[in-house]
Every structure is written in C-alpha cells, then in structure tokens.
Amino acid sequence: MRERFKSFMLRLEKGITLKDKTLILTDRKKGRFLEEENLTLELCGRKFLFLKVFYGRKPYWKEWVEIFNVDPEFFSSPFEDELYSLISEYFGRVFVEYYEDRCTLLQLEKGLPIEKTRLGQKLMSHGYVNLKNWYFPEGWMEGGCKVQGEK
C-alpha cells in the first residue's frame, strides 16, 4: 500500500462515529492483486458494507474503490455522506452498488439521468463527475448494478 493511503486505513480503523454509533473497519484481506484489498465495515456489530480498494499501478491504472453488499440502511444515513467524503479525499474513481438504494433504483427505472438521481447527486456533491450507470456489468464478474464516478 502506498504511503498516502495509510491515513485512509487509519481513519477506517478508528471508525466514523455519529450519534453514538461507529462505522468501523473489522476485517482486511488481500485482494486478487498486490495493490488490492478487501475491507469489511461494520456498524453496531453487524456487517454494513464492503469495500474493494485498488491502490493503483502507476503509470497504467489509477486508484479506485468499490462499495458493495451494502445494507439498505446505509443509503440516506449520515454515514453515507461521511464515507463518501473520506473516500473522495483519496480516490479519483468510485463505484457504488445501488440495488439496495430503492430511491435511486426507482429513479433510474423511470428514466432519470444518473446525474439527477439521489445517488448521482450525492456523488457529485463530493466531487465526482462523469457518472456512468453500470446497470448490466460486463461479464457478470463485476458484481451488481453500480454507479461509477470519476474526479
């Protein structure tokens, strides 16, 4: 892991505390590549979401983070903004799985452009642009429906 990401990991290990609840890193495993890790974040002792973190491989690939297997309570919670804020400090690309985000899912089903959805607006407020809706991930190996944002 590169030096600049050590503070990101320390902040997750310390946890994000809001209203006497803490979203905290509880498990950290190696990924498929040297530059990749799989993180488990828990809230009140239960798995809340997972992060797949890729630290980049210069000069070829930039860093990114994917948020997946998300508990529906995450969406529109105070932890959502806090986590996006933290991620946006370190990662130029983010992927957020949205099938449990009922509001965004319904807005997309109605034909709203991703930039106008609840999730799209959230990501844009944290500096992400060039949003893309991966409603049918390529090859079925990339997980579920997700929004990609680029800085």
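So, a few notes on the structure that sits alongside this text. (Residues numbered from 1 in each chain as written. Predicted model: local features only at pLDDT ≥ 70, side-chain atom pairs only at ≥ 80, totals over all residues. Heavy atoms only, no water.)

## Let's talk about the packing of helix 1 (residues 6-14) against helix 2 (residues 78-90)
For the record, the criterion: Note on geometry: axes are C-alpha line fits, over the in-contact stretch for helices, and angles between N-to-C directions span 0 to 180 degrees. By definition, any uninterrupted DSSP run of H or I lasting at least four residues is a helix, any uninterrupted run of E lasting at least two residues is a strand, and each is numbered from the N terminus. Orientation labels follow simple angle bins: below 35 degrees gives roughly parallel, above 145 gives roughly antiparallel, 65 to 115 gives roughly perpendicular, and whatever is left gives oblique. The crossing is said to be left-handed when, going from far helix to near helix, the turn is anticlockwise and less than a right angle, and right-handed when the turn is clockwise. It only takes one pair of heavy atoms within 4.5 Å for two residues to be counted as in contact. Charged means Asp, Glu, Lys or Arg here, nonpolar means Ala, Val, Leu, Ile, Met, Phe, Trp, Tyr, Cys or Pro, and polar covers whatever is left, Gly included.
At a minimum axis distance of 10 Å, the contact between helix 1 and helix 2 shows a crossing angle of 165°. Taken together, the axes of helix 1 and helix 2 lie roughly antiparallel to each other. Considering the relative orientation of helix 1 and helix 2, their crossing is left-handed. Contact residues: helix 1 offers Ser7, Phe8, Arg11 and Leu12, while helix 2 offers Leu83, Leu86, Ile87, Glu89 and Tyr90. Residues that form the contact of helix 1 with helix 2 fall into these classes: six nonpolar, one polar and two charged.

## Quick word on the state of the cysteines
The line we're drawing: We call a pair of cysteine sulfur atoms a disulfide when they lie within 2.5 Å.
Applying the stated rule across the entire model yields zero disulfides. A disulfide-free cysteine, Cys103 has its sulfur positioned 16 Å from the sulfur of Cys145, the nearest such atom.

## Focus on the sheet that holds strand 1 (residues 16-18)
Note the cut-off: One bridge is not enough; two strands pair if DSSP finds at least two bridges between them.
An order of 1-2-3-4-5-6-8-7 is seen for the eight strands of this open sheet, with the pairing classed as mixed. With one partner strand each, in any of the chains shown, strand 1 and strand 7 (129-134) form the two edges of the open sheet. Across the sheet, the mean angle separating the axes of adjacent strands is 20° when strand polarity is ignored. Sheet topology note: the strand 5 (residues 64-68)/strand 6 (residues 93-97) ladder contains three bridges and is parallel. What sits directly across from Ile67, in strand 6, is Val96. Sheet strands touched by helix 1: strand 2 (21-30), strand 3 (36-43) and strand 4 (46-54). Its angle to strand 2, the strand with the most contacts, is close to 125°. Across the face of the sheet, helix 2 comes into contact with strand 1, strand 2, strand 3, strand 4, strand 5 and strand 6 while running at roughly 150° to strand 1.

## Considering the side chain of Glu36
To keep things clear, this is the line we draw: Exposure is judged per residue with a 1.4 Å probe applied to protein chains only, and the accessible area is read against the type maximum: over 50% gives exposed, under 20% gives buried, and values in between give partly exposed.
Its place among the elements puts Glu36 in strand 3. Glu36 sits in the buried class, given a relative accessible area of 1%. In contact with Glu36, not counting residues within four places along its chain, are Lys30, Gly31, Lys52, Val53, Phe54 and Trp64.

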